[in-house]
Amino acid sequence: MAEKDWQVMVPKSGDVSITAVPNITEKEIEDDRSLLVLQLHGAYEGLVEYMLPFQREWDSGPLLSIARSVRQGAGDGAGAWTDDFKDMFKKETWVELGGKVKSMAGSAVDAGYDYASKTTQDIVNKANATYNKVQQLNSSQDTTLRSWGWWSAQIEEVEKTYEAELQQYAKTVNEAVETTKEMVEKAQKFYAHRQAILGVPELIASGDIKGVQSFVDTVVKDIDPALAKEIKNNPNFYAVLEIISDHDSAVTFMAYVGLMMEAVPPNFLAYIAGKGAMYILIEVVMIIISALLTAGAAVAARVTALVTRLAMSSAKVANAARKIEKAKEALDAFIRMIETLCDAANRLQDLGEKLVVARLKGLRLRGKTQQKLGAKRSLIKRDIRCRRCGSTAHRTPRGPRGIVVYK
C-alpha cells in the first residue's frame, strides 16, 4: 500500500537540508471537517425522521415485526439462503448484530472524548437534538449520546401470544421465490464474515491500521478479490492512513456511520429486502468501509449496483401488501444515507491529502542530492474506554436509564 513521495529540485549537487513549510492551514482543515459534519448530519436527520414508523413497530414486537415485514413488504423474497435464513427469526441473531451496530457509534464517541473532545461533543449535541426533535422530548443537559436505535427494545420475546403467528409467518416466507446463485453465495459470505465486517468501524475508531490491512487481506479478499486488489493498489492509500490516524476525522466519519446504521431497524430492511435483510445490513457496512479505503472504480461500481437494487424496490414499496407510513420516504432516506456516506468517504480522502501536507510542519531532513530521504511517522492506536468506569472491555452504556428499586 502506497507511500507519499515528493521530488525536490536543487541548483547543485552536495549536502541538502530540507524543511517542510506546509501551505495548508489548520483552519482550512477544520472548515472542511465542519462541512462534512453538515452533510452527514443532514442525511442522519432525514433518516431518523422517516424510520420512526418502522421503529415504533419494531419496539412493539421485534421478531414479529420482522416476520410481518418479510411476508407483506416489498422484498422479492430471496429464497435460497439455505440454513442461514433460519437465523433471521432468532433473537440471538439480532442481539448479536445489534450489539455490533451499537458499538460503531459508541466506539467512535468513546475514543473521541479522549482524543477529539470538541468534535465529539458537537456530534453528540447534534445527535441528541435530533433525538429530541423526532421523539418530541424536552431538552436535557445530559451529554450522554442517546441510543434510540433498534437494539434498545427488549428482545426477550417472542411473546407467547404471538408465537404461533410467528411460526406461521416463517413457514410461508420460506416458500418465496429463489434468487440467483451468485447473489446467494456472496450473501452467505457476508454473513459468515459478519463479525469481522461489523467490527471494522471499531478498528478505524481506534486507529488500528494493521487490523484494517489484515481485514482487506483476508475478509475482503475472500468476498470480493477484485475490490481487495483495488484497495491494496490504491496509490492514495497514504491519505487513507492519515484519515484513520487523525482523531477528529476518524471520529466524525465513524460516529455518523454508527448513528445512521443504528437508526435503521431490522424490520425496515425486511420490508424492502425480504429474506435478505440480515445480509443487506452487513453489505451496506462493507461498502461504506470500502469507499473510505479506496475511491476506485470497483467500489464505485458496487455502490451503484447496491443503490440501483434498492431503488428498484421503490415501486414494490408502493404496492406492498401492507402499507407502512412513509415507507417510500424511508427507502429514499436509506438510499440517501448510503450515497452520502460514500460521498463523504471520498471527500475524506481529499481531506487526507491536505492532512498529509499539514502534518509535515516542523519536519527537517538532512542528506545528499540524488538520494531518497525518508521520514517514518508513528501511527499511535487510540484507546477506547468506557467513560463511566474506564474499562476498555466495553463501551459506555447508552440508552434510556433504568429504574432503581430500593429494598
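Criteria and thresholds
- Residues numbered from 1 in each chain as written.
- Predicted model: local features only at pLDDT ≥ 70, side-chain atom pairs only at ≥ 80, totals over all residues.
- Heavy atoms only, no water.
- Helix = DSSP H or I, 4+ residues; strand = E, 2+ residues; numbered from the N terminus.
- Buried < 20%, exposed > 50% of the residue type's maximum accessible area, 1.4 Å probe, protein only.
- Phe/Tyr/Trp six-rings, centres within 6.5 Å; stacked < 30°, edge-to-face > 60°.
- Contact = heavy atoms within 4.5 Å.
- Expected span 1.5 Å × (residues − 1).
- Salt bridge = Lys/Arg side-chain N within 4 Å of Asp/Glu carboxyl O.

1. Let's talk about the environment of Leu-281
- By secondary structure assignment, the location of Leu-281 is in helix 13 (residues 277-293).
- Classification of Leu-281 as buried rests on a relative accessible area of 3%.
- Separated by 90 residues in sequence, Leu-281 and Tyr-191 place their C-alpha atoms 9.7 Å apart.

2. Points about the packing of aromatic side chains
- Applying the stated rule across the entire model yields five aromatic pairs.
- With a centroid separation of 5.5 Å and an interplanar angle of 65°, the aromatic rings of Phe-54 and Tyr-271 are classed as edge-to-face. Taken together, the residues Phe-54 in helix 1 (residues 26-60) and Tyr-271 in helix 12 (residues 266-273) connect sequence positions 217 residues apart.
- Ring pairs connect the aromatic residues Phe-54, Phe-268, Tyr-271 and Phe-334, which therefore count as one cluster.

3. Observations regarding the environment of Ser-314
- Position of Ser-314 relative to the elements: it lies in helix 15 (residues 313-318).
- Residues Ser-314 and Ile-272 lie 42 residues apart in sequence; the distance between their C-alpha atoms is 8.5 Å.
- Dropping the residues within four chain positions of it, Ser-314 is found in contact with Lys-328 and Leu-331.

4. With respect to helix 11 (residues 247-262)
- For helix 11, with 16 residues, the first-to-last C-alpha span of 22 Å sits near the 22 Å given by 1.5 Å per residue.
- Of all the 16 residues making up helix 11, 15 are buried; the element is thus mostly covered by neighbouring parts of the structure.

5. Concerning the pattern of salt bridges
- Using the criterion set out here, one finds 14 salt bridges in the structure.
- Arg-194 is paired through a salt bridge with Glu-96; the nearest N and O atoms lie 3.2 Å apart. Residue Arg-194 is located in helix 7 (residues 194-205), and its partner Glu-96 is located in helix 3 (residues 91-115); the two are separated by 98 residues in the primary sequence.
- Judged by relative accessible area, Arg-194 falls into the buried class, the value being 19%.
- Under the relative-accessibility criterion, Glu-96 is labelled partly exposed at 23%.
- A salt bridge links Lys-232 to Asp-217, with the nearest nitrogen and oxygen atoms 2.8 Å apart. Note that Lys-232 is positioned in helix 9 (residues 225-232) and Asp-217 in helix 8 (residues 209-223), a separation of 15 residues in sequence.
- Given a relative accessible area of 36%, Lys-232 falls into the partly exposed group.
- A network of salt bridges, in which partner residues are shared, links Glu-28, Asp-32 and Lys-354.

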